[in-house]
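Residue-level listing of the chains:
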Amino acid sequence: MWDAQADALRDFDVVRLEHPGHGGEPMIELHDVGELARRVLATVQSERFSFVGLSLGGAVGMQLALDAPERLDRLVLACTSSRFGSPDTWEERIALVRDKGMEAIADVVLPRWFTPAFEDVQRYRVMLVSTPPETYMRYCEILREFDLRGRLDSIDAPTLAIAGADDPTSPPEQVRGLAAEIPNASLVVLPRAAHLANVERANEFNKALIEHLAA
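Only a predicted model underlies this, so the values are computations on that prediction, with no experimental measurement involved. (Residues numbered from 1 in each chain as written. Predicted model: local features only at pLDDT ≥ 70, side-chain atom pairs only at ≥ 80, totals over all residues. Heavy atoms only, no water.)

J.: Requested: an account of the pattern of salt bridges, with residues and values cited.
T.: Applying the stated criterion across every chain yields a total of twelve salt bridges. Between Asp 7 and Arg 10 there is a salt bridge, with the nearest N and O atoms lying 3.3 Å from each other. Relative accessible area serves as the criterion here: at 55%, Asp 7 is assigned to the exposed category. Assessed through its relative accessible area of 56%, Arg 10 is described here as exposed. Across the salt bridge formed by Asp 73 and Arg 48, the nearest N and O atoms sit 3.9 Å from each other. Taken as a pair, Asp 73 in strand β2 (residues 72-78) and Arg 48 in the loop between α2 (33-43) and β1 (49-54) lie far apart in primary sequence, 25 residues in all. One continuous salt-bridge network, built from bridges that share partners, spans Asp 3, Arg 16 and Arg 123. (Salt bridge = Lys/Arg side-chain N within 4 Å of Asp/Glu carboxyl O. Buried < 20%, exposed > 50% of the residue type's maximum accessible area, 1.4 Å probe, protein only. Helix = DSSP H or I, 4+ residues; strand = E, 2+ residues; numbered from the N terminus.)

Right, here's the structure in full:
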């Protein structure tokens, strides 16, 4: 999902991490987002680094900023939230995957990832449905419990929050509220972009990304 950023980041030393259970990474026993954040800390060898995360990755970034501020230089939080939806929403997704599989959840999720104008949806459908159902359901459970509301004012890292103007999962007003809570944060809203704004509006996303990381 970060291919569109690879060339823009060619002057940076980049580590691209797969979440367990994705992209060929084996699934491990996971309890919360904090474990994903600790996995980042154990993997990245640099004493200090910047972190870019979208959606679940943004949740990991917020957790990193709270748990290990001494390691974090700059932070980019894209199309994310300090609290994703309601428990009922996640229970409905879990039930749908359990009963009908990943093809059924793809019909629900993909219209939230991209606006109708995006033409390369099939590539991302293949990516999504290749996720093992048990893995997807476990991440739904983890996000169901994730809640950092009221804690983001403790984040010290200079932060860029990016929203897609047409994102129904992390709407602009939600990302705007997130940025307002972080003391040293700025906000960019990308027009004609839904949840995977880094894919659908790669050029605009990359411009904001590089300006922030290189500052």
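J.: I'd like to hear about the pairing of β2, residue by residue, with values.
T.: With respect to burial, β2 is a largely interior element, six of its seven residues being buried. Pairing of β1 with β2 involves five bridges; the strand directions are parallel. When the bridges of β2 are listed, Phe 49 appears paired with Leu 72. In this view, the connection linking β1 to its parallel neighbour β2 by way of helix α3 (residues 56-67) has right-handed handedness. Relative to strand β3 (residues 159-164), β2 runs parallel, the two being bridged by four bridges. Note that in β3 the partner of Leu 75 across the bridge is Thr 159. (Pairing = 2+ DSSP bridges. Right-handed = clockwise from strand over helix to strand, strands pointing away.)

J.: Give me the lowdown on helix α5 (residues 102-113), citing residues and values where you can.
T.: Between the first and last C-alpha of α5 there are 15 Å, a value that for twelve residues agrees with the 16 Å anticipated at 1.5 Å per step. Of all the positions in α5, only Met 102, Ala 104, Ile 105, Ala 106, Val 109, Leu 110 and Trp 113 are classed as buried. (Expected span 1.5 Å × (residues − 1).)

J.: Break down helix α10 (residues 202-213) for me, citing the residues and quoting the values.
T.: With twelve residues, α10 extends 16 Å between its outermost C-alpha atoms, agreeing within 8% with the 16 Å of an ideal straight helix rising 1.5 Å per residue. All buried positions along α10 are accounted for by Ala 202, Phe 205, Asn 206, Ala 208, Leu 209, His 212 and Leu 213. For α10, the buried positions fall inside an angular range of 165° around the axis, keeping them on one side. Exposed and facing more than 90 degrees away from the buried side of α10 are Asn 203, Lys 207 and Glu 211. Buried residues belonging to α10 abut α1 (3-6), β1, β2, β3, β4 (185-190) and α9 (197-200). (Arc of directions from axis to C-beta. Contact = heavy atoms within 4.5 Å.)

In short, the description is geometric, and any link to function would need to be established separately.
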